[in-house]
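Descriptive analysis of the structure
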Amino acid sequence: MAQRQVLLIEDEPHIAEAIRFILGRAGWQVMLEANGAQALARIAELRPEAVILDLMLPGRSGLEILTDLRADPRLAATPVLMLTARGQARDREAAEQAGATAFLAKPFANADVVAALEAIAGTGTPGGAAAAVAGPGQR
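For clarity, every value in this text was computed on a predicted model and none was experimentally measured.

Re the pattern of salt bridges
- Tallied over the entire structure, the rule returns 7 salt bridges.
- Between arginine 4 and glutamate 49 there is a salt bridge whose closest N-O contact spans 2.5 Å. Placement of the pair is arginine 4 in strand E1 (residues 4–9) and glutamate 49 in the loop between helix H2 (36–46) and strand E3 (50–54), with a sequence separation of 45 residues.
- Between arginine 74 and aspartate 72 there is a salt bridge whose closest N-O contact spans 2.8 Å.
- In this structure arginine 74 comes out as exposed when scored by relative accessible area, which is 54%.
- A relative accessible area of 14% places aspartate 72 in the buried class.

Dropping the structure here:
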């Protein structure tokens, strides 16, 4: 069986490598894009099963990328996990309004990243997304 593909749009190399390792162990092929300005073109080129999108990126913000993604009929249905160090309620609301499928605040537990991705990509257990997208202290 072919590996499922996810595009990780993250500019912090240590976080990107950690997520790549975590998801690789869970059977995902992780492709990386570090520049927000190239993110939408990479999504269109790769057509991943899901996208993990950082909120704060060089070139363009995650919210700008997500807004454009949802406006493109070819890409609008792509599941997006918004991942950010800015986990305040207003950031969560902005991501939700822009069309994020799920939201996960940094720092996160390894299992939460896997569970959230599998939930939005349709491979998780029912109800898994609710637990996976809660931020620290929100369970």
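Now that the structure has been shown, the text picks up again.
Let's talk about the side chain of threonine 84
- Structurally, threonine 84 is set in strand E4 (residues 80–84).
- Looking at threonine 84, the relative accessible area reads 0%, which means it is buried.
- Non-local contacts of threonine 84, meaning those with residues more than four positions away in its chain, are made with Asp54, Leu55, Met56, Phe103, Leu104, Ala105 and Lys106.

Let's talk about the packing of helix H1 (residues 13–25) against helix H5 (residues 110–120)
- Taken N-terminus to C-terminus, the directions of H1 and H5 make an angle of 65 degrees; their axes are 10 Å apart at the nearest point. For the pair H1 and H5, the sense of crossing is right-handed. Facing Ile19, Ile22 and Leu23 of H1, the residues of H5 in contact are Asn110, Val113, Val114 and Leu117.

What to know about the sheet that holds E3
- On the basis of which strands lie adjacent, the open sheet formed by 5 strands has the order E2-E1-E3-E4-E5 and parallel pairing. Lying at the two open borders of the sheet, with one neighbouring strand each, are strand E2 (28–33) and strand E5 (102–105). Recorded for the sheet is a direction-independent mean angle of 20 degrees between the axes of neighbouring strands.
- Lying over the sheet, H5 contacts E1, E2, E3, E4 and E5, oriented at roughly 155 degrees with respect to E4.

What counts, and at which threshold
Residue positions within a chain follow its written sequence, with the count starting from 1. With the structure being a predicted model, the display of local features is reserved for residues of pLDDT at least 70 and the display and counting of side-chain atom pairs for 80 or more, all residues being used for whole-chain, interface and lining totals. Excluding hydrogens and water, the side-chain values take into account all heavy atoms of the structure. The working definition used for a salt bridge is a side-chain nitrogen of Lys or Arg within 4 Å of a carboxyl oxygen of Asp or Glu. Secondary structure follows DSSP: runs of H or I at least 4 residues long count as helices, runs of E at least 2 residues long count as strands, and numbering of each begins at the N terminus. Exposure categories follow from relative accessible area, calculated using a 1.4 Å probe and restricted to protein chains: below 20% of the type maximum is buried, above 50% is exposed, and the middle band is partly exposed. The contact definition used throughout considers only heavy atoms, calling two residues in contact when any of these lie within 4.5 Å. Fitted lines through C-alpha atoms give the axes, limited to the stretch in contact for helices. The angle between two N-to-C directions lies from 0 to 180 degrees. When the near helix sits turned anticlockwise from the far one by under a right angle, the crossing is termed left-handed; a clockwise turn instead gives a right-handed crossing. At least two bridges found by DSSP between two strands are what make those strands a pair.

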